[in-house]
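Listed below, chain by chain, are the residues.
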Amino acid sequence: MSQDQTDTRLTRAEARGVRAARELEGHLTWLDSFSGTALGVLSVASGIYTYLGVSSLLDENGAMSVFAAIAYSTAVSVGIFVFWSYMLRLFPAVRTTRARTGLMAAMGLGSLAIVAMSSWLNAAALAGSAAVEQHLAETVQDYQAALERAHEIALTGQALERDVARVRQSFEDLSDLEAEGALSGLAGRGAVFRVLRQKAAELTALEAQIAEQTPLVDTAFTEGNTILSRMRALTVEPGSVEARSVEFSEAAVRLQGLITQLRQLSVAPLVERAAQDLAASVVLPELDSTTAQGRADQSATITSVLEVLAQRAATLERAAQNVQSLQPPTDVTYTPLSAADAVILYARNFVPSWAGAIAIDLLPMVLVFILAITHAAIRQGREGAGVEDTLTLAELRAAVTALREVEAVAGPPTAPPAHTAQPAATPRPEGEEVTPLKGKSA
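Here the structure is a predicted model, which is why all the values come from computation and not from measurement.

(A) Expanded view of the overall build of the chain. Secondary structure summary: the chain contains twelve helices and zero strands in total. In the chain, the order of α-helices and β-strands from amino to carboxyl end is α-α-α-α-α-α-α-α-α-α-α-α. Considering only intrachain contacts with a sequence separation of at least 6, the fraction spanning at least 24 residues in the chain is 83%. A total accessible area of about 26600 Å² is found for the chain, and carbon and sulfur atoms account for 60% of it.

(B) Representation of the side chain of Asp163 in the model. Looking at the element boundaries, Asp163 is found in helix α4 (residues 160–179). Within the local environment of Asp163, its side chain forms a polar contact with the side chain of Arg166, the two groups lying 2.7 Å apart.

(C) Geometry of the confidence of the model for the chain. Looking at the chain, pLDDT values average 78 and 74% of them are 70 or higher. Counting interchain partners and residues more than four positions distant, the pLDDT-below-50 stretch residues 1–10 has two contacts. Ignoring residues within four places in sequence, the model shows residues 420–442, a span with pLDDT below 50, making one contact including any to other chains.

(D) A look at helix α3 (residues 97–158). Taking 1.5 Å of rise per residue, the 62 residues of α3 would be expected to cover 92 Å, yet its terminal C-alpha atoms sit only 78 Å apart, more than 12% below that figure. Its axis deflected by about 70° at Ala127, α3 carries its strongest bend there.

(E) A look at the packing of α3 against helix α6 (residues 241–264). Contact geometry of α3 with α6 gives a least axis separation of 10 Å together with a crossing angle of 10°. Between α3 and α6, the crossing angle belongs to the class labelled roughly parallel. Taken as a pair, α3 and α6 cross one another with a handedness that is left-handed. Note on element contacts: α6 touches α3 through Val241, Arg244, Ser245, Phe248, Ala252, Leu255, Gln256, Ile259, Leu262 and Arg263, opposite Ser129, Val132, Glu133, Leu136, Thr139, Val140, Tyr143, Ala146, Leu147, Ala150, His151 and Ala154. Broken down by class, the residue content of the contact of α3 with α6 amounts to 14 nonpolar, five polar and three charged.

Calculation rules
Residues numbered from 1 in each chain as written. Predicted model: local features only at pLDDT ≥ 70, side-chain atom pairs only at ≥ 80, totals over all residues. Heavy atoms only, no water. Helix = DSSP H or I, 4+ residues; strand = E, 2+ residues; numbered from the N terminus. Contact = heavy atoms within 4.5 Å. Areas by Shrake-Rupley, 256 points an atom, 1.4 Å probe, with all protein chains shown as cover. Polar contact = N/O pair within 3.5 Å; in protein donor to acceptor, adjacent residues only side chain to side chain. pLDDT = per-residue confidence, 0-100. Expected span 1.5 Å × (residues − 1). Bend = angle between axes of the 7 residues up to and from the residue. Axes fitted to C-alpha atoms, helices over the stretch in contact; angles between N-to-C directions. Parallel < 35°, antiparallel > 145°, perpendicular 65-115°, else oblique. Left-handed = near helix turned anticlockwise from the far one by under 90°. Nonpolar A, V, L, I, M, F, W, Y, C, P; charged D, E, K, R; others polar.

Laid out in structure tokens, this is it:
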């Protein structure tokens, strides 16, 4: 294979690269005709959603608030348009790695700034109401868990009534045995009988107090469920979410009061104090036996009764402490959130909205990379080709026309000045022919 053939193939490859570069340039020329308009539309759309997001953050609806929201959204639109216009022009044009790295860092920093000043507000405009409703629903679940836990603890405390009744019944049975003389050996209602009846009466009073709490617990729990039903309805009702949030907040305050009431209705502290007093406060009656032996038997029986009393009191106290050691309901406080704050707090539930809000701001980044790749392909296609090889027919005609215009303005070329004297022509005789020199034109 000859060197001329190799050179011909290389020239054809270069020609194909030049043709491809020209084709890409033609596409870019057509795309540039509307790229600025498209970027402006994206910037304006982002500004509109930014305005809606800013409006949800402002507390007032006066003229100044509207002006502030318009000014902020306009600044965002202008900033996005200018920033991406810089990137679309400069990033594809640079060639060195250092320059591209610097512009890439600037583009990343600018993208973060756009997300911080615009994208989250766009997301608030797209999904702000849904995010606030999500917050209401989450709060309802928290309140429901707290109400059920408080009710459960209250019912556990009410269950102490059975323990108190069992101890009371044991003392009443012992008093009946004493009345028959089965304890001290002295039948009747003497000192031992009165001690047993005294403690049975105390336990009866405690049992009555516990029983009185049961209707209050049931009423509070029923009312709490009614409020919860209204709060659930507010999370899905049509209409402005701000107005619903106000009513929701009022219902949350009432429900929190009911949960506190349920916690206070727990009888466990009452039973614990009563159990402590049961063994500590014993009024010993006067021994009424007529004989010394009888009084000694009564004293021994009372001592045994006090020991049993201490055991029963300890059992009740432990039961009450077990109820009090139960994990209390979580303190729930409803905090109203704006649409912008809610969409950040529950961002994981609104990924599509966040993706759309960010995409409308950062979509030009894709265009920047497309242009950079295209310009790199154009430069690669023209690599090794001279300027004369890249001229199109139209460009060549324009160059020739321009050259003719320049020559017309400059005028005809002047004859060079004579530096040496020319010898005078020798006259020839009339009729003599002139023979031209060989190798010279006539």
